[in-house]
Amino acid sequence: MKTPNPHPKPPLAAAAAAFDSETLLRESGLRVTRAAQTVLELLRHTSQPLTHEEMAAAYTTATGEAPDRVTIYRVLDRLVEAGLCDRRVGADRVNRFARHVEAASGNTFECDQCHKVLALPSDPELPKVMGRLGKALRKQGIDTRHTALTLHGTCGDCAR
């Protein structure tokens, strides 16, 4: 006889058959908890980065239960460390969290008003420019492990 799962998947899990939060968490070396799955799935389904407050509100809406605020902070920190989500600090100095944006170039655009993050289109000249910047930094004794470009401005939706 099969025993019931003490940690059922959050309601959003059914909406994304191709997105398996449990597998993604396991493959990233993270514990699979209801909170982690819910936060990951909320990030997956939102079009804008969320503050901690917004994440807590979305969690409550999705599950019908108010989350432990410290747990949400810890889950977000672990997801950032695992590369599953990105933490961005806006001009207002507020942390916002979004699913990790995979761009072929690794470069992104962030709207300064709504904080939406989009992958930049690929440009054959950009790797050359980034290479020259890396070389100039190495001459100054700076070793870069990873380079990425984030352009800031106003997205088309906010410009209207």
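Reading guide: rules and limits
- Residues numbered from 1 in each chain as written.
- Predicted model: local features only at pLDDT ≥ 70, side-chain atom pairs only at ≥ 80, totals over all residues.
- Heavy atoms only, no water.
- Helix = DSSP H or I, 4+ residues; strand = E, 2+ residues; numbered from the N terminus.
- Contact = heavy atoms within 4.5 Å.
- Salt bridge = Lys/Arg side-chain N within 4 Å of Asp/Glu carboxyl O.
- Buried < 20%, exposed > 50% of the residue type's maximum accessible area, 1.4 Å probe, protein only.
- Axes fitted to C-alpha atoms, helices over the stretch in contact; angles between N-to-C directions.
- Parallel < 35°, antiparallel > 145°, perpendicular 65-115°, else oblique.
- Left-handed = near helix turned anticlockwise from the far one by under 90°.
- Nonpolar A, V, L, I, M, F, W, Y, C, P; charged D, E, K, R; others polar.
- Expected span 1.5 Å × (residues − 1).
- Arc of directions from axis to C-beta.

As for its placement among the helices and strands, threonine 51 is situated in the loop between α2 (34-45) and α3 (52-63). Distance in space between the C-alpha atoms of threonine 51 and arginine 88 is 9.6 Å, their sequence separation being 37 residues. Setting aside its immediate chain neighbours within four residues, threonine 51 contacts Val94, Asn95 and Arg96.

Here we take up the environment of arginine 88. Within the secondary structure, arginine 88 is located in strand β1 (residues 85-89). With 29 residues separating them along the chain, arginine 88 and valine 117 place their C-alpha atoms 9.7 Å apart. If near-sequence neighbours (up to four positions away) are discounted, arginine 88 is found in contact with Val94, Asn95, Arg96, Thr108, Glu110, Val117 and Thr150.

The next thing to look at is the pattern of salt bridges. Scanning all chains against the criterion turns up 7 salt bridges. Between arginine 26 and glutamate 22 there is a salt bridge whose closest N-O contact spans 3.0 Å. Of this pair, arginine 26 and glutamate 22 both sit in helix α1 (residues 21-27), 4 residues apart, roughly one helical turn. You can call arginine 26 exposed: its relative accessible area is 53%. Accessibility expressed as a relative area gives 26% for glutamate 22, which makes it partly exposed.

It is at 10 Å that the axes of α2 and helix α4 (residues 69-81) come closest, and there the two elements cross at 65°. Classified by the angle between their axes, α2 and α4 sit roughly perpendicular to one another. Along this stretch, α2 crosses α4, giving a crossing that reads as right-handed. Contacts between α2 and α4 involve Ala35, Ala36, Val39, Leu40 and Leu43 on the former and, on the latter, Thr71, Ile72, Val75, Leu76 and Leu79. Its residues placed into classes, the contact of α2 with α4 shows 9 nonpolar, 1 polar and no charged.

On to helix α5 (residues 126-139), then. Each turn of an α-helix holds 3.6 residues, which means side chains three or four residues apart point in the same direction. The first and last C-alpha atoms of α5 sit 20 Å apart over 14 residues, in line with the 20 Å expected at 1.5 Å per residue. Regarding α5, the residues found buried are Leu126, Met130 and Gly134. Taken end-on, α5 shows its buried residues confined to a sector of 70°, consistent with a single buried face. Exposed residues on α5 whose side chains face more than 90 degrees from its buried face are Arg132 and Lys139. One or two positions beyond α5, positive phi appears at glycine 141, with a value near 85°.

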